[in-house]
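Summary of the model geometry
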Amino acid sequence: MFEFVDTILQFSFLFFSFHWVLVALEMKKMIAYYLDPMAHQPCDDLKDIVNMAMRINPPEKQKTSKREPTWVKVVTTGSVECGYYMMRYMKEIIANPNQLTSKFCGKKSYSEMEINEVRSDWVMLVTQLIITHV
């Protein structure tokens, strides 16, 4: 969970049918942002689970909410390298949480160089973990 001035975002990486997607929840506004580099719609099971979780933990100080969360599909396109896209989404959202509401300023995909930055970050992290724990 990441807290910003008036926004609390909760991120969930989800792996469905050999494919990674990201759901970012803005609890105060009851909004679920759905990011999928393959541009699929969120499946009904996922929506049911997230909707129930958001109703059980509503933003106000009430016990539960009957209000349905709003789902916003952030239109992105990518490749089958969905895991790297998820990491890039999170990196950009953490750096600038307004990326979600502006829908990444209309940007629909990442360049090979931008995805290579994520690969490099991942390799550095894994290398550091191996060196630290071996």
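As a convention, each chain's residues are numbered from 1 in the sequence order in which they are written. A pLDDT threshold of at least 70 governs which residues receive local features in this predicted model, and a stricter bar of 80 or more applies before side-chain atom pairs are shown or counted, although totals over entire chains, interfaces and linings include all residues. The side-chain quantities take in all heavy atoms of the structure and omit both hydrogens and water.

A short note on the overall build of the chain
Looking only at helices and strands, the chain has four helices and five strands in total. Residue exposure (1.4 Å probe, protein chains only): buried if accessible area is under 20% of the type maximum, exposed if over 50%, otherwise partly exposed. Each of the 134 residues in the chain was classed as buried or not, and the buried ones make up 36%. Pairs at least 24 residues apart make up 54% of the contacts formed inside the chain by residues separated by at least 6 positions. Counting from the N terminus, the helices are DSSP H or I runs at least four residues long and the strands are E runs at least two residues long. Here, two residues are considered to be in contact whenever any of their heavy atoms come within 4.5 Å of each other.

A short note on the confidence of the model for the chain
What pLDDT reports is the predictor's confidence in each residue, on a scale of 0 through 100. Here the chain averages 77 in pLDDT, while 72% of its residues score no lower than 70. The secondary structure element of the chain with the lowest average pLDDT is strand 1 (residues 2-3), at 41, and the one with the highest is helix 4 (residues 112-133), at 91. Scored below 50 in pLDDT, residues 1-7 makes 16 contacts in the model with residues more than four places away or belonging to other chains.

Regarding the pairing of strand 4 (residues 31-35)
Along any regular strand the residues' side chains alternate between the sheet's two faces. The element strand 4 is largely enclosed, with a buried count of five among its five residues. Both strand 3 (residues 20-26) and strand 4 contribute to a ladder of five bridges, which runs antiparallel. Bridge pairing in strand 4 places E26 opposite I31. By this definition, two strands are paired if DSSP reports at least two bridges between them. Relative to strand 5 (residues 70-74), strand 4 runs parallel, the two sharing five bridges. Each bridged residue has a counterpart across the sheet, and for Y33 the counterpart in strand 5 is V72.

Quick notes on the side chain of D36
Summarising the element assignment, D36 is placed in the loop between strand 4 and helix 1 (44-56). N or O atoms closer than or at 3.5 Å make up a polar contact, with two conditions inside protein: a donor-capable atom paired with an acceptor-capable one, and, for residues adjacent in sequence, both atoms drawn from side chains. There is a polar contact of 3.3 Å between the side chain of D36 and the side chain of Y34. Looking at D36, its side chain comes within polar contact range of the main-chain nitrogen of H40, at 3.2 Å.

Topic: the nonpolar core
In plain words, nonpolar cores are sets of buried Ala, Val, Leu, Ile, Met, Phe, Trp, Tyr and Cys residues tied together by side-chain atoms within 4.5 Å. Judged by nonpolar contacts, the single largest core of 15 residues is most densely connected at L22, Y33, L35, Y85, Y89 and L100. When residues of this core are assigned to their parent elements, the largest contribution, five residues, is made by helix 2 (residues 82-95). If you look at the next biggest cluster of nonpolar residues, it comprises 11 residues, including V23, Y34, V50 and M54.

Examining the pattern of salt bridges
We count a salt bridge whenever a side-chain nitrogen from Lys or Arg sits within 4 Å of a carboxyl oxygen from Asp or Glu. In this structure the tally under the stated criterion is six salt bridges. For K29, the salt bridge goes to E26, with nearest N and O atoms at 3.8 Å. Ionic contacts of the salt-bridge type, sharing partners, join the residues R88, E92 and E117 into one network.

Describing the packing of aromatic side chains
Within 6.5 Å between ring centres, the rings of Phe, Tyr and Trp (the latter by its six-membered ring) count as paired, and their orientation is classed by plane angle as stacked under 30 degrees, edge-to-face over 60, tilted in between. If you walk through the whole model with that rule in mind, you get one aromatic pair. When the ring of Y34 is compared with that of W71, the centres are 6.5 Å apart and the planes differ by 55°; the resulting orientation is tilted. Of this pair, Y34 sits in strand 4 while W71 sits in strand 5, and the two are 37 residues apart along the sequence. On the basis of relative accessible area, Y34 is assigned to the buried category, the value being 4%. The ring of Y84 has R119 lying over it, and the distance from NZ or CZ to the ring centre is 5.0 Å. Both a distance and an angle decide whether a charge sits over a ring: NZ of Lys or CZ of Arg must be within 6 Å of the ring centre and within 35 degrees of the ring normal.

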